[in-house]
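Listed below are the residues making up each chain.
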Amino acid sequence: MAVAVALGEALLRLSTPEGVALEDCDRLEVRAAGAESNVAVGLARFGIPTAWISALVDNPIGRLVAGSIRRHGVDLSGVVWTAEGRVGTYYIELGRPPRPSRVVYDRQGSAFASLDPDDVDWSLLDGARVLHVSGVTLAVNPPLARRAQDEARRRGVAMSWDVNYRGRLWSEAEARRALVEAVAGAAVLKTAAEEAAGVFRVEGPAEEQARALAELTGAAVVVVTDGSRGAAAWVGGQVLREEGHEVEALDRVGAGDAFVAGFLFALLAAGREGPAAGGLDVGAEAVRRGLRLGSAHAALKHTYFGDIAWATLDDVRRLAGEIEGTTW
């Protein structure tokens, strides 16, 4: 039985060798990628029984994606296999300052975008403590995201949302309208500081953004990440903050998902003893630990190529200062 469930689309990631422009590329590295599946992988690697709901085409590409996620211990019984559609793709040219990374998406007509909510086995949520969804899913398949929310609410499963704004999918105004409605009363809402400013029009330090978003959405916990400057959370009428980590970034993609995995792990590991939102402990102590573990996991993700963070729980705990020693 899954303790945590993630719902979202996986993509095929095709990346150029370091320092090579896409238009000058003669070979590409192939990996699986996806915001919610990245979170599922992180939680599974930390020992949390985790399942992933999605749709994949029953062909070699779909099986490649499934194998990449399954190898980490994620339950894929919630994946709907289909002969229709395709696996979405994105191409990435990793940049180094002052040159930014460049991403080209090719995801229209994906199997996930047309997944009928009635084709999903929602019983996978029975007994789960948290369902994680991102704004990407709400943009790509709105009926599916809303049905998932209804199914989780009916079963008393806590909802975790990551804004994860993608301008190629919808405008900031469209995202704001849909997300404010969708995340109302959620257990956890996580966003980056730039997303809080752009999508929700909430300015100021991360602490002030977290407080304002809590008032706007009614989420039990609102987390605002701000890169190496750390993260702030609003919970129970107070704002908590933890400092971040300086990194030498090899690959920034997936760092936000790594943060979510570390944060949710702390709230799940704390059990049901603290103030609860569904099956999550949303007391100040658990949330503060979540900020520490989330920030450490995100920092470590920067050191791995690909969307997935390969750090172990001990790696994360060492960087977060919970156990002695170093990871290197």
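Everything numeric here is computed off the predicted structure, so don't read it as measured data.

A. Main features of the overall build of the protein chain. Scanning the protein chain for helices and strands turns up ten helices and 15 strands. Its C-alpha atoms give the protein chain principal-axis dimensions of roughly 50 × 45 × 40 Å. Put simply, the protein chain has 328 residues, and 56% of those count as buried. Carbon and sulfur atoms make up 48% of the accessible area of the protein chain, which amounts to about 13700 Å² in all. Separation of charge centres in the protein chain, based on 35 positive and 44 negative side chains, amounts to 1 Å.

B. Representation of the nonpolar core in the model. Counting 71 residues, the largest nonpolar core has Trp-52, Leu-131, Trp-161 and Leu-179 as the members making the most contacts within it. Apart from residues lying up to four places away in sequence, Trp-52 is in contact with Ala-6, Gly-8, Glu-9, Ala-10, Ser-37, Ala-40, Ile-69, Val-74, Asp-75, Leu-76, Gly-78 and Val-79. Residues Leu-43, Leu-240, Leu-264 and Leu-291 belong to the second largest nonpolar core, which totals 39 residues.

C. Geometry of the pairing of strand S12 (residues 231-235). Counting buried positions over the five residues of S12 gives five, a clear majority of the element. Of the pairings in the sheet, the one linking strand S11 (residues 221-225) to S12 comprises five bridges and is antiparallel in character. Residue pairing in the sheet places Val-223 in a bridge with Ala-233 of S12. Connecting the antiparallel pair S11 and S12 is a turn made up of five residues, with Gly-227 showing a positive phi of about 60°.

D. Expanded view of the packing of aromatic side chains. The tally for this structure, following the rule as stated, stands at three aromatic pairs. Ring plane angle 40° and centroid distance 5.6 Å describe the contact between Tyr-90 and Tyr-105, whose orientation is recorded as tilted. With Tyr-90 in strand S6 (residues 89-93) and Tyr-105 in strand S7 (residues 102-106), this pair connects stretches of sequence that are 15 residues apart. Tyr-90 sits in the buried class, given a relative accessible area of 4%. Both rings, one in Phe-259 and one in Phe-263, keep their centres 6.1 Å apart while their planes meet at 15°; by these two values the pair is stacked. Of the two residues, Phe-259 and Phe-263 both sit in helix H8 (residues 255-269), four residues apart, roughly one turn of that helix. Accessibility classification places Phe-259 together with Phe-263 in one group, the buried group.

E. Broad picture of the pattern of salt bridges. Within this structure, the stated rule accounts for 25 salt bridges. The partner of Arg-13 in a salt bridge is Asp-251, and the shortest N-O contact between them spans 2.6 Å. One end of the pair, Arg-13, is in strand S2 (residues 11-15); the other, Asp-251, is in the loop between strand S13 (238-242) and H8, with 238 residues separating them in the sequence. The same class applies to Arg-13 and to Asp-251, which are both buried.

F. Structural view of H8. Here H8 spans 21 Å end to end across 15 residues, near enough to the 21 Å set by a 1.5 Å rise per residue. Across the 15 residues of H8, 13 count as buried, placing the element largely inside the fold.

G. Region of interest: the sheet that holds strand S10 (residues 188-192). Reading across the sheet, the nine strands line up as S5-S4-S1-S8-S9-S10-S11-S12-S13 and stay open at both edges, with mixed pairing between neighbours. Of all the strands in the sheet, just strand S5 (79-82) and S13 have a single pairing partner and so form its edges. Each adjacent strand pair in this sheet contributes to an overall mean axis angle of 20°, direction not counted. Sitting on the sheet, helix H2 (residues 60-70) touches strand S4 (50-57) and S5, and the angle it makes with S4 is about 170°.

H. Spatial organisation of the sheet that holds S7. Read across the sheet, four strands follow the order S3-S2-S6-S7 without closing on themselves; strand pairing throughout is mixed. Because the sheet does not close on itself, it has two edges, and the strands there are strand S3 (29-33) and S7. Between one strand axis and the next, the sheet turns through 25° on average, direction left out of account. For S6 and S7, the ladder comprises five bridges, and the chain directions are antiparallel. Bridge pairing in S7 places Glu-93 opposite Arg-102. Relative to the sheet, H2 contacts S2 and S3, its axis offset from that of S2 by approximately 90°.

I. Structural view of the environment of Gly-47. Position of Gly-47 relative to the elements: it lies in the loop between helix H1 (35-45) and S4. On a C-alpha basis, the gap between Gly-47 and Tyr-165 in space is 28 Å, while along the polypeptide they are 118 residues apart.

J. Up close: the environment of Asp-150. Position of Asp-150 among the secondary structure elements: in helix H4 (residues 142-155). On a C-alpha basis, the gap between Asp-150 and Gly-67 in space is 30 Å, while along the polypeptide they are 83 residues apart. Engagement of the side chain of Asp-150 in a polar contact is seen with the side chain of Arg-153, the distance being 3.2 Å.

The rules we used
Residues numbered from 1 in each chain as written. Predicted model: local features only at pLDDT ≥ 70, side-chain atom pairs only at ≥ 80, totals over all residues. Heavy atoms only, no water. Helix = DSSP H or I, 4+ residues; strand = E, 2+ residues; numbered from the N terminus. Buried < 20%, exposed > 50% of the residue type's maximum accessible area, 1.4 Å probe, protein only. Areas by Shrake-Rupley, 256 points an atom, 1.4 Å probe, with all protein chains shown as cover. Lys, Arg positive; Asp, Glu negative; His and termini not counted. Charge placed at Lys NZ, Arg CZ, Asp CG, Glu CD. Core = buried A, V, L, I, M, F, W, Y, C linked by side-chain atoms within 4.5 Å. Contact = heavy atoms within 4.5 Å. Pairing = 2+ DSSP bridges. Phe/Tyr/Trp six-rings, centres within 6.5 Å; stacked < 30°, edge-to-face > 60°. Salt bridge = Lys/Arg side-chain N within 4 Å of Asp/Glu carboxyl O. Expected span 1.5 Å × (residues − 1). Axes fitted to C-alpha atoms, helices over the stretch in contact; angles between N-to-C directions. Polar contact = N/O pair within 3.5 Å; in protein donor to acceptor, adjacent residues only side chain to side chain.

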